[in-house]
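Take a look at the letters that make up each chain.
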Amino acid sequence: MKLLDEFKTNCGLEINTSKTEALWLGSWRNCRETPYNFKWPKETVQALGVHFSYNEQHANRLNFEEKIKNIEKVLNAWRRRNLTLIGRIKIVKSLGLSKIIYSTSMLPIPPLLAERINKLTFNFIWEGKPAKIKKKTIIAERKHGGLKMMDFEIMEKALKIAWINRIKDERDASWKIIPEQALIQYGGLSFLTNCDYDSKLLDLKNLPMFYHFVLRYWQDYKLLTLSNRTPPEHEIIWNNQNILVDKKSLFYNSWFYHDIANREFLSVADFQQQFNIDTPFTLYYGLIKAIPNEWKRSIRNSNKPIQTVSPETSMPTTNPSTQTAYKNILEKTFISPTNENKILDYGFTKENIHDVYLLPFLVTKETKLISFQYKIIHNILPCRSSLFRAGLVDDDICSLCKLEKQTLVHMLYNCSESLHFWEKFTQWWEEKFFETIVLSANVILFGWHQNANNKRVLNYILIIAKYHIFTTSVCDDRLSFDCFLLRLKSKLDILRTIAIKNKSLNKFETAWAPFL
């Protein structure tokens, strides 16, 4: 308070005691005095949108449960809208999960909360129906067949891992004092994060629970993302899960502040003389024995000195941001689409299948068309056979040809009506662009991927054509090429209006000149 009074004297600004909340900390937590005319709430105090309390359940209810209820309200309000899958994912990320990211980034979350939030959000994007695409697929990047749906369990880990950057920052922030002192027996929190530790071998009872999560996630992250282990000469011996005595990792405080680094294993007498450390015989050789034999052989054969064990030691790892941590964890956990092997059967390879997944995002910005092509790629577009299996229609006979069972491939390609449609399409395209194209099954289903001047235009029109076939089948109508041309003209009118608004009319007219 004296400091605040000095601040008031020098600049004229003072604290508003009637609006200030205070909480007794530590050994004074049960103090009942109410000095300085502050508010002394019995339950919680709030700072920067976060509630603090000695009643953990009450604080969690305010910091998390209330926010989850708000997320549910927002998602329920949008549930009645006729949104595409992509649209629902955008709602989840921008209006839903954004409400709880801040609290998650700085507080330990209650058990099973992340799983509960994932269940809520994934239920929303699938409209309460069984998921048609695996969770670990739809969260992937677009080039891997995903839609970048946020996995809150991964995001919670990434938010905590991002604290490693702040912890290792050399600036002396006041918030670092508590975690550094709580782990002083291991060299402090900042040093510990550089070590190859196992959190299960550490005594963390004095460490705030938030940092338990940080240490655990950082340990898992290093194991997940480092393709090769650190060379033995770069290993830090302190707090190392591979160097154990009595099933405990080692940290000798008297050694820690001496810059001990040597590629040779000294005798205890030479060690004491060189570093001026009074070390018991059993302690020294106990550590030497605990070092894995493979490491010792590698270090003896190496010309490089072993890693220093001073406080300035750092492992050769990068300290990721939230975005980088999320991306790296995702790269290791996503699963390829179930339908990928069937796509490969059409002549694509592991190297170019990314082009199939990215195509709808490159040729159009209309989410309805992107979602439509995405469903074709993943073989989840509803057709008579899938609707019949679900008990939603009386038979699985194609509504276009009235002859055969309607699968996705039959509807878009093998159906006699569809084949006749594509014959007209090929002739029409040749008249417009004076070039011949061959529309095989893989081109119709997954797009044109050969080099061509009008590649983007062709792929866009192919999606429109497939959408026309699909809607005609759903409406149990006659497939008409003239109606397709009217649909295409309507789309081009919209694109022209957008081009005029964006001042890119010349680019539009160049691309679509044969149709204008």
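I will try to describe carefully the structure that is included in this document.

Cut-offs applied
- Each chain has its residues counted from 1, running along the sequence as written.
- Only residues with pLDDT of at least 70 are given local features in this predicted model, and only at 80 or more are side-chain atom pairs given and counted; all residues enter the totals for whole chains, interfaces and linings.
- The side-chain values count all of the structure's non-hydrogen atoms but skip hydrogen atoms and water molecules.
- Helix and strand assignments follow DSSP, with helices taken as H or I runs no shorter than four residues and strands as E runs no shorter than two, numbered in order from the N terminus.
- In this description the radius of gyration comes from C-alpha coordinates, and the expected globular size is given by 2.2 Å times residues to the power 0.38.
- Burial here depends on accessible area, computed with a 1.4 Å probe over protein chains only, as a share of the maximum for the residue type. Under 20% is buried, over 50% is exposed, and the range in between is partly exposed.
- In what follows, a contact means two residues having at least one pair of non-hydrogen atoms within 4.5 Å.
- In this analysis, the expected span of each helix is defined as 1.5 Å times one less than the number of residues it contains.
- Note: the arc covers the axis-to-C-beta directions of the helix.
- Residues are said to line a cavity or pocket when one of their atoms sits within 4 Å of a point; the points come from a 1 Å grid over protein atoms alone, cavities being sets where a 1.4 Å probe fits but cannot get out and pockets being open sets with protein on both sides within 12 Å along at least five of seven lines.
- Grid points are joined across faces, edges and corners, and a volume is the space filled by probe spheres set on the points.
- Polar here means any residue other than Ala, Val, Leu, Ile, Met, Phe, Trp, Tyr, Cys and Pro, which are nonpolar, and Asp, Glu, Lys and Arg, which are charged; Gly is therefore polar.
- Patch members must show over 30% relative accessible area and no salt bridge, and they are joined within 9 Å when carrying like charges or within 5 Å when they are nonpolar side chains of Val, Leu, Ile, Met, Phe, Trp or Tyr.
- In this description, accessible areas are obtained by the Shrake-Rupley approach with a 1.4 Å probe, and a residue is regarded as covered only by the protein chains that are shown.
- In what follows, salt bridge is the name for a side-chain nitrogen of Lys or Arg lying within 4 Å of a carboxyl oxygen of Asp or Glu.
- By the counting scheme adopted, Arg and Lys are positive, Glu and Asp are negative, and His together with the chain ends is not counted.
- Taken as the charge location is NZ of Lys, CZ of Arg, CG of Asp or CD of Glu.
- Interaxial angle, 0 to 180 degrees, is taken between N-to-C directions of lines fitted to C-alpha atoms, where a helix line uses only the stretch in contact.
- Geometric relationships in this document are graded by angle, where less than 35 degrees denotes roughly parallel, more than 145 denotes roughly antiparallel, 65 to 115 denotes roughly perpendicular, and other angles denote oblique.
- By convention the crossing between two helices is left-handed if the near helix lies anticlockwise of the far one by an angle smaller than a right angle, and right-handed if it lies clockwise.
- Side-chain rings of Phe, Tyr and Trp (the six-membered ring for Trp) are treated as a pair once their centres are within 6.5 Å; stacked means planes under 30 degrees apart, edge-to-face means over 60, and tilted covers the remaining angles.

**Details of the overall build of the protein**
Across its full length, the protein carries 26 helices and four strands. In summary, the protein has a C-alpha radius of gyration of 32 Å against a globular reference of 24 Å for 516 residues, an excess of more than 25%. Considered along the principal axes of its C-alpha atoms, the protein spans approximately 90 × 70 × 50 Å. With 516 residues in all, the protein has 45% of them scored as buried. In the protein, once contacts between residues fewer than 6 apart in sequence are set aside, the share between residues at least 24 apart is 63%.

**Some details on helix 16 (residues 322-333)**
When the terminal C-alpha atoms of helix 16 are compared, their 16 Å separation across 12 residues agrees well with the 16 Å that a helix rising 1.5 Å per residue should span. By the burial criterion, the buried members of helix 16 are Ala325, Tyr326, Ile329 and Leu330. Taken end-on, helix 16 shows its buried residues confined to a sector of 130 degrees, consistent with a single buried face.

**Focus on the layout of surface pockets**
Over the atoms rolls a probe the size of a water molecule, and its path tells where empty space is left. Roughly 1400 Å³ of internal volume is contained in the largest pocket. Lining the largest pocket we find 32 residues, and of these Phe52, Met106, Leu107, Pro108 and Pro208 sit closest to its centre. When residues of the lining of the largest pocket are traced back to their parent elements, those giving at least two are strand 1 (45-47), strand 2 (50-52), helix 2 (56-79), helix 4 (98-106), helix 9 (177-182) and helix 11 (209-225). In the lining of the largest pocket, the residues fall into 25 nonpolar, five polar and two charged. In this structure, the second largest pocket occupies an estimated 970 Å³ of space. Taken together, 28 residues make up the lining of the second largest pocket; nearest its centre are Lys132, Lys375, Ile380, Leu381 and Pro382. Going through the elements one at a time, helix 3 (85-96), helix 19 (367-377), helix 20 (384-389) and helix 24 (455-474) are the ones with two or more residues in the lining of the second largest pocket.

**Brief notes about a positive patch on the surface**
There is a patch of like positive charges on the surface, built from Lys90, Lys93, Arg142 and Lys148. Assignment of secondary structure puts Lys93 in helix 3. Under the relative-accessibility criterion, Lys93 is labelled partly exposed at 32%.

**Let's talk about the packing of helix 3 against helix 5 (residues 113-125)**
Contact geometry for helix 3 and helix 5: axes closest at 9 Å, N-to-C directions at 150 degrees. As summarised for this structure, helix 3 and helix 5 are arranged roughly antiparallel, according to the angle between their axes. Judged by the twist between their axes, the crossing of helix 3 over helix 5 is right-handed. Contacts between helix 3 and helix 5 involve Leu85, Arg88, Ile89, Ile91 and Val92 on the former and, on the latter, Thr121, Phe124 and Ile125. Of the residues contributing to the contact of helix 3 with helix 5, the split by class is six nonpolar, one polar and one charged.

**Things to note about the pattern of salt bridges**
Tallied over the full model, the rule gives 13 salt bridges. The shortest N-O distance in the salt bridge between Asp151 and Lys135 comes to 3.6 Å. Of this pair, Asp151 sits in the loop between helix 6 (135-138) and helix 7 (152-161) while Lys135 sits in helix 6, and the two are 16 residues apart along the sequence. On the accessibility criterion, Asp151 (5% relative accessible area) is buried. Between Lys350 and Glu340 there is a salt bridge; the shortest N-O distance is 2.7 Å. Note that Lys350 is positioned in the loop between helix 17 (340-344) and helix 18 (353-363) and Glu340 in helix 17, a separation of 10 residues in sequence. By relative accessible area, Glu340 is classed as buried at 6%. If you follow the salt bridges from partner to partner, you end up with Lys135, Asp151 and Glu153 in one network.

**Notes on unusual backbone geometry**
Even without glycine at this site, Leu112 takes up a positive phi of about 65 degrees. Structurally, Leu112 is set in the loop between helix 4 and helix 5. For Leu112, a relative accessible area of 65% puts it in the exposed group. Unusually for a residue other than glycine, Asn276 sits at a positive phi of about 55 degrees. Position of Asn276 among the secondary structure elements: in the loop between helix 13 (268-275) and helix 14 (281-290). Classification of Asn276 by relative accessible area gives exposed; the value is 68%.

**Section: the packing of aromatic side chains**
The relative placement of two aromatic rings is captured by the distance of their centres and the angle of their planes. This model, assessed by the stated rule, comprises 40 aromatic pairs. Centroid distance Trp24 to Trp28: 5.7 Å. Interplanar angle 75 degrees. Geometry classified as edge-to-face. Exposure remark for Trp24: the relative accessible area of 17% places this residue in the buried category. Judged by its relative accessible area of 56%, Trp28 falls in the exposed class.

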